[in-house]
Structure formats: C-alpha cells, structure tokens
Amino acid sequence: MLLQLLINGISLGAVYALIAVGFAIVFSVLKFSNFAHGGMISACAFIGYFFQASFESPPPIIVTIAVTSAAGVLFALFLDAIAYRSIRRHRSPSIYYFLASLTISILITSLLNIFFSKNALAYPMLFSSTTFDLGSLKVSRMDMMILAVSVVILAALMLLINKTKIGLAVRAVAINPDTSKLMGIDSGAIIVLIFSIAGFLAGVSGVLLGCKYGVYPDLGQTMMVKGFIASLIGGLGSLGGAIAAAFILGVIEMFWTFGFGALSTPVMTFVLMLLFLFIRPQGIAGQFAKEKV
Amino acid sequence: MKRVLTMVIAMMAISLALFAGGSAEESDPNAPIKIGSIQDLSGSASNAGQPNAWGAEYAVKVINENGGINGRMLEIYTEDCKNDITEGLNCYNRLVGEIGVCAIIGPALSNPASAWVELSAEDEIPIVGHFMDEVCTTNPDTGETYPFMFLCEPSCSQQAEDLAEYAIRELGKSRFAVLYNPSNAFAKAQVDPFVAYVQERGCELVASETFGWSDKDYSAQALKIVASGADCVFLGDYLAQMLIAYDALRDAGYTGTIVGANTMAPPFADQVKNDVYDVYFLQNYDMLNPDVGNINELVTKHMEETGTTSPQVNVGFGWDAVMVLAEAMKKAEDPTNGAEVAELISQTTDLELSGGITLTINEQHRTDTMGMYIATYDENGEMIIVGYEKVD
C-alpha cells in the first residue's frame, strides 16, 4: 500500500510540476506570479480537444500536444502583446503585471464558460486499458505518460537554462535586465522567449490535464493553486526548486489524504506553505529568484 | 412658481395615466399569462439547466399551439440563475417585480430554489420544479410545508432510498462505501439518506470517503475503499466529479458494483477512461423507450434542435413542471391568481407526466406516488433500464 501511495503521489507531483514550472519560469525573469497561466492551460485544453475532434480518426496524442503547444506559444505572445508589453514599456511596478495576469485569467475562464459552459468534454481514450500491473501494484498508464512527458520537458528546460548561451542570457536578465542590456543581451527578446516557453508548457499541460481530468473552463484555475504553492515552496522563480517541491507536495498530499481524509488536505497544504514562508521564505532552492534562476 | 406647479401636476397626471393603462392591461382577461423560468443556463449546473429551460419553453409552445390556458396564451420569460443563490434572487426579483409573472418554473438544483421559499409565500407566486432537496418544500426546523413551493419528482431521500433498496435486494450487496463531496448539497442530500437506509437494513458502511471542489485526484480515497472490502460504492455528485471518482476506483483495482445518482446518465459512459461495467444509477424516465409517455419524443426533438449528442433527462423536467402548472391554471377561475393556482397544484392527483408515470402531490408538496427507474449500461455503453423501484 505504501509503495502504491508513493507511486500515485509521484504521478500527482508530475502534474503539479508541469504547472509549477510554467509559473516559476515567468517569475524568475519578470518577478510576478503569472496567474494567467491557469487560464491559458484551460484554453489550451480546449484547443487540443477541438483539434482532436476535428479528425474522424484522432491523430496520435503527440501530434495534438505539438499543435497545442504551438498554439499555446502564439497565445502567450498575443497576451504579452496586449497585456504586458505596455506595462514593461512604462516600467510600471510588478503589481500591474500581477493584476493584468489575474484579469486575463478570469477573462479567459469567463469566455470559455460563455462559449462552452461548465460541461466537461472528454478526449478520446488513449489506452485500451487504463492501468498495468507492476507486481502487486497498479500503475496508471495516463499517469506514467504525464510523468514521462514532464520529465523529458523539464529536463530539456533545465538543460536550456543551465547549459546554453540562451539560458545564460535568461539567467542574466533574471538577475538584472538593465545590466544585461548593457552587456549586449536583448532583454526584450528574452522576455518574449520566456512567455513563449510558458505558452509551450501551458499547451503541454492543457492536453495532458485534459486527457486525465476532462476539459472544462476551470481546469487550469483549480490546478493553478497547487502549482503556485509548489513554486512558492520550491523558492519563487527557481525551476529546480519548483520541480522538487511539486513532487514532494504530490507525495505528501497522497499520504495525508489516505491517513486523514481529503477535507483536511488543503489545510495541511496551506499550513505547509505558511511554515515555509515563516521559517524558510527562500524555499527549498535556498536562494531568492532575484539572485539566481 | 406657477410654471413649476403646472409641470408637477402634468407629470403626476402622466404617471397616473400610465399606471391606469398598466392596470387595464393586467386585468384584461384575454391578455397573455406571464410565467417565469429560472434555470442554470450557465455556471456549474448548465448541463442540467439548459435542457430544463428548453423543456419548459417547448411545453409552453405546445400548450399555446393547442389553445393555451382556456384560450389565453402563455408567455415564458427565462432567466439564468447560474446555480447561485444571489443570482437566483436577482432573477426572482426581475421576474416578479419587473416583468410581473404570476408563477415560476424552478431549476433542477436546490441551492437557488431554497432561497425563494419565503419570497414565494409573501408574493403568492407558485414555484414548480425539480429542486429535490426537501428543504425547498418543507421548513427543516418546524416541519411546515412552504405553501407556494412544489416538487414534481421523488425527493433526494426518496431517490437515495430507492437506489439503496435496489442495491440490497436485487444486487445482493451488504458492504457499502460512499465517495462524495460533502460541500455539494446535491451529493450530501443523497448520501446521508442512502447511508441511513442501508444501515437500517442491517448492512455495513465500511468506508466513507470525501473530496473537495478543487480536488482532482481521488486515488488515495479509492485505495482506502478497495482496502475496506466494500462490495458496493455510492457516488452522488455532478458529472465532472463522477467521472474522476469512477476512474479513480477502477484504476485502484476496485471491481465491485458502483451505484450512483442520475448524473451517471449519458454522456457518463462516453467520458470515463475505464470500461463501464457493473454500474447502476437512478433515472426519472425510461427516456429511450418510445412506448411510455412522450419523453422519448421530447429528448429526440431536443437533440435535433440543439445538436446535443445524448438524450437529456432535464428536458422532461422542464416539460413536466410546466404541465403541472398549466393543469392547475386551466382549472382556476383566474389563472394569474397565485394563491388559487397554488391551492389547485396542491390538489394535483394522478396527472400523467412525460415519463408515463402519474404524479400526485402530497401534503408536503412533494410526491410519494412516484418511484425511480434503475438504469445501467450494456456492453456497447448504451443505457438500458433494468428496474423500477419505489420504497414506501
């Protein structure tokens, strides 16, 4: 049973990690919590669903993920153009970013509600059997797919940030955009890149969460809270910290729910978040975002 | 000063003339009868509210095509309460205060309806609907019946008891578990009487697991249910939660029977990830049977007109509520007199509804003459009716 709970917790953590990283990467550079990410995940889940539904015989899920991620990038760039660019140009305080992202998130969810109502839509079944046996354990194929995709994407992202020149530029802009500019880095382009990556992650998350939980307007919003908590516990803006915290959060939630019931789980989660804020505000990563990505 | 006085008198005269004009229109014995319909057209219960509204509007259309209420046409004004109590109150005030309706067709959900119990009595506005929580028709503290609230289907506890009885007697189950959201009034109003009934019948409740609105993973709860050795699990939430709960149970290795509320009806079987087997759920109608009542005709017409891909039970709810109201209005001397119409609704006896079953309203303004169908899915995922249950 303990091993089964651990596997389920890791699977849940993989879902949280995907969301948390989309959250953390924007925070790392722009220093604001991009709540629009939840709305984008919902929108991408619908885009992926309608892309699949437009074919008589649905294309492989990887094609849907690729198309939806591309759509997510375009969507993110569109949002940047209409909501954030002017804030950047005017060098407005971060609170404006936060308010804009919150507004966008509510706007997207409300529009989805108007056009599609709250009714859940379902992606076609991906597997003929939803689980496979691993000894005495039952493992969800969907969870394993989410875990595998998350690990690959998160590893690629970590490599990009830590081992490439672009990543170096991202880290430089994260620390100080003005100084980066003086050193020849186009901080505007880096910010656009960050939004593109967040859009890409929203596309991947939208399809995977849609496959697992169904597609409805609040899908991203409800998951966003957990992503935010994970990124906060991990150390706001730290990708590695967010990933680690997401998996830890998933496992703790699973064991807590099993032991004490689901109703007390949100209490535990928020107490955990408060504890980190009081005792270790820099999070698991140990360093504030302003110092390092 | 004289000019001002003249203007004031002129305005008062105009107001009086307008007011007098309005009165004349309202007292016109041939004027259309205005009724309201408050439904969850958007929000978390729109999948129930939209077909409900369609059914009510279609019933009005059919009644008017057949001569209306003793020659007077019905006019229906539909408002969206979004499964929200405040919105519901706004809808009620708009319909009664601004439009001047004389009766209201209520939503299928109890949350908004429960807020109108006092208002409907003050304004003498009969409200007929499928708000199945008993608190909408009976004061839970005093046991008194709300005089203007009427329920046209078995209440929550009646439905839960019908299902529990079927599970015990027909399916032979004795070790029960429940998995539900206690914050969802719809689920709680069914789970509590279900549990009470199975325990009264000597069965065991081996697990009672819960989840919250924001939870998306019920696998820990499902594992506990598997470990409890339950042979039957009751699910009583809305469709989105039912899908996650069903898949969590099957993914956790639960192979026993799953019974549930009417939200397990199509498109449930098309949307779950696991194979659907050994599930039994409540249904108000034998919707797919063209030989009973006109429910099959209604759901087919609804699917044709709206492009909905699966038959929607709420179409029948909207239709039935209008028919109950219209039947009373036809008998009334003044069909716009709320008190008279309410009195006649309370005397409804053996009125055949769209499902072919007859309705008699009892002293609590509910019905104890109706039972519930028990449905399941065949190997092709098609819904089939396997029984009809009515606990006395």
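Model, not experiment: these values are computed from the prediction.

*Asks:* Sorry, what's going on with the interface of chain A and chain B here?
*Replies:* Reports often express the size of an interface as the amount of accessible area lost when the parts come together. Taken residue by residue, the interface counts 30 residues in chain A and 31 residues in chain B. Among the secondary structure elements, those contributing two or more residues to the side of chain A that touches chain B are helix 1 (2-30), strand 2 (137-140), helix 9 (219-234) and helix 10 (239-260) of chain A. Taken together, the residues of the side of chain A that touches chain B sort by class into 16 nonpolar, 12 polar and 2 charged.

*Asks:* Got a minute to help me understand the domain arrangement of chain B in this structure?
*Replies:* Looking at the assigned domains, one finds that chain B contains domain 1 (33-154 + 292-361) and domain 2 (157-283 + 373-389). Classifying every residue of the side of domain 1 of chain B that touches domain 2 of chain B gives 5 nonpolar, 6 polar and 2 charged.

*Asks:* Even after reading the chapter, I still don't get the sheet that holds strand 5 (residues 149-151) of chain B, so can you show me in this structure?
*Replies:* Residue and element names in this part refer to chain B. The 5 strands are arranged 2-1-3-4-5 in an open sheet whose pairing can be described as parallel. At either margin of the open sheet sits one strand with a lone partner, and together these are strand 2 (74-80) and strand 5. As judged from the 2 bridges shared by strand 3 (residues 104-105) and strand 4 (residues 127-129), these two strands associate in the parallel manner. Residue pairing for strand 4: Ile105 is matched across the bridge by Val128. Sheet strands touched by helix 2 (residues 46-65): strand 1 (33-39), strand 2 and strand 3. Its angle to strand 2, the strand with the most contacts, is close to 170 degrees.

*Asks:* What should I look at first to understand helix 2 (residues 36-53) of chain A in this one?
*Replies:* Note on helix geometry: an α-helix contains 3.6 residues per turn, so any two residues three or four positions apart are oriented the same way. Spanning 18 residues, helix 2 of chain A covers 26 Å between terminal C-alpha atoms, matching the ideal 26 Å at 1.5 Å per step. For helix 2 of chain A, the buried fraction is high: 15 of the 18 residues fall into the buried class.

*Asks:* Sorry if this is basic, but what is going on with the nonpolar core here?
*Replies:* One broad trend across soluble globular proteins is that nonpolar side chains are buried collectively. The biggest cluster of nonpolar side chains holds 213 residues, and the ones touching the most others in it are Ala20(A), Val21(A), Val233(B) and Leu325(B). Take this core: its biggest share by element is 16 residues, from helix 1 of chain A. When residues of this core are assigned to domains, at least three map to each of domain 1 (33-154 + 292-361) and domain 2 (157-283 + 373-389) of chain B. If we ignore the near neighbours within four places in the chain, the residues touching Val21(A) are Leu154(A), Leu157(A), Leu201(A), Leu239(A), Ala242(A) and Ile243(A).

*Asks:* Even after reading the chapter, I still don't get the packing of helix 5 (residues 141-163) of chain A against helix 6 (residues 165-175) of chain A, so can you show me in this structure?
*Replies:* What describes two packed helices is the angle between their axes and the distance between those same axes. Residue and element names in this part refer to chain A. Where helix 5 meets helix 6, the axes come as close as 5 Å, and the angle between the chain directions of the two elements is 75 degrees. When the axis of helix 5 is compared with that of helix 6, the two are roughly perpendicular. Counted together, Leu160, Ile161, Asn162 and Lys163 of helix 5 and Ile166, Gly167, Val170 and Arg171 of helix 6 form the full contact between these two elements. For the contact of helix 5 with helix 6, the per-class residue count stands at 4 nonpolar, 2 polar and 2 charged.

*Asks:* Sorry if this is basic, but what is going on with the pairing of strand 1 (residues 131-134) of chain A here?
*Replies:* Successive residues of a regular strand alternate their side chains across the two faces of the sheet. Residue and element names in this part refer to chain A. Pairing geometry for strand 1 and strand 2, over 4 bridges, is antiparallel. Looking across to strand 2, one finds that Leu134 is bridged to Leu137. Between the end of strand 1 and the start of strand 2, which pair antiparallel, lie 2 residues, with Gly135 showing a positive phi angle near 65 degrees.

*Asks:* Would you explain helix 9 of chain A in this entry?
*Replies:* Residue and element names in this part refer to chain A. Here helix 9 contains 16 residues, and its C-alpha end-to-end distance of 23 Å stays within 8% of the 22 Å for a straight helix at 1.5 Å per residue. Along helix 9, the helix axis deviates most sharply at Val225, where the bend reaches about 25 degrees. Helix 9 sits mainly inside the fold: 13 of its 16 residues count as buried.

The rules we used
- Residues numbered from 1 in each chain as written.
- Chains lettered and ligands numbered in written order.
- Predicted model: local features only at pLDDT ≥ 70, side-chain atom pairs only at ≥ 80, totals over all residues.
- Contact = placed C-beta atoms within 7 Å.
- Helix = DSSP H or I, 4+ residues; strand = E, 2+ residues; numbered from the N terminus.
- Nonpolar A, V, L, I, M, F, W, Y, C, P; charged D, E, K, R; others polar.
- Domains from an automatic or database assignment.
- Pairing = 2+ DSSP bridges.
- Axes fitted to C-alpha atoms, helices over the stretch in contact; angles between N-to-C directions.
- Expected span 1.5 Å × (residues − 1).
- Buried ≥ 20, exposed ≤ 12 C-beta atoms within 10 Å, placed from the backbone.
- Core = buried A, V, L, I, M, F, W, Y, C linked by C-beta atoms within 7 Å.
- Parallel < 35°, antiparallel > 145°, perpendicular 65-115°, else oblique.
- Bend = angle between axes of the 7 residues up to and from the residue.

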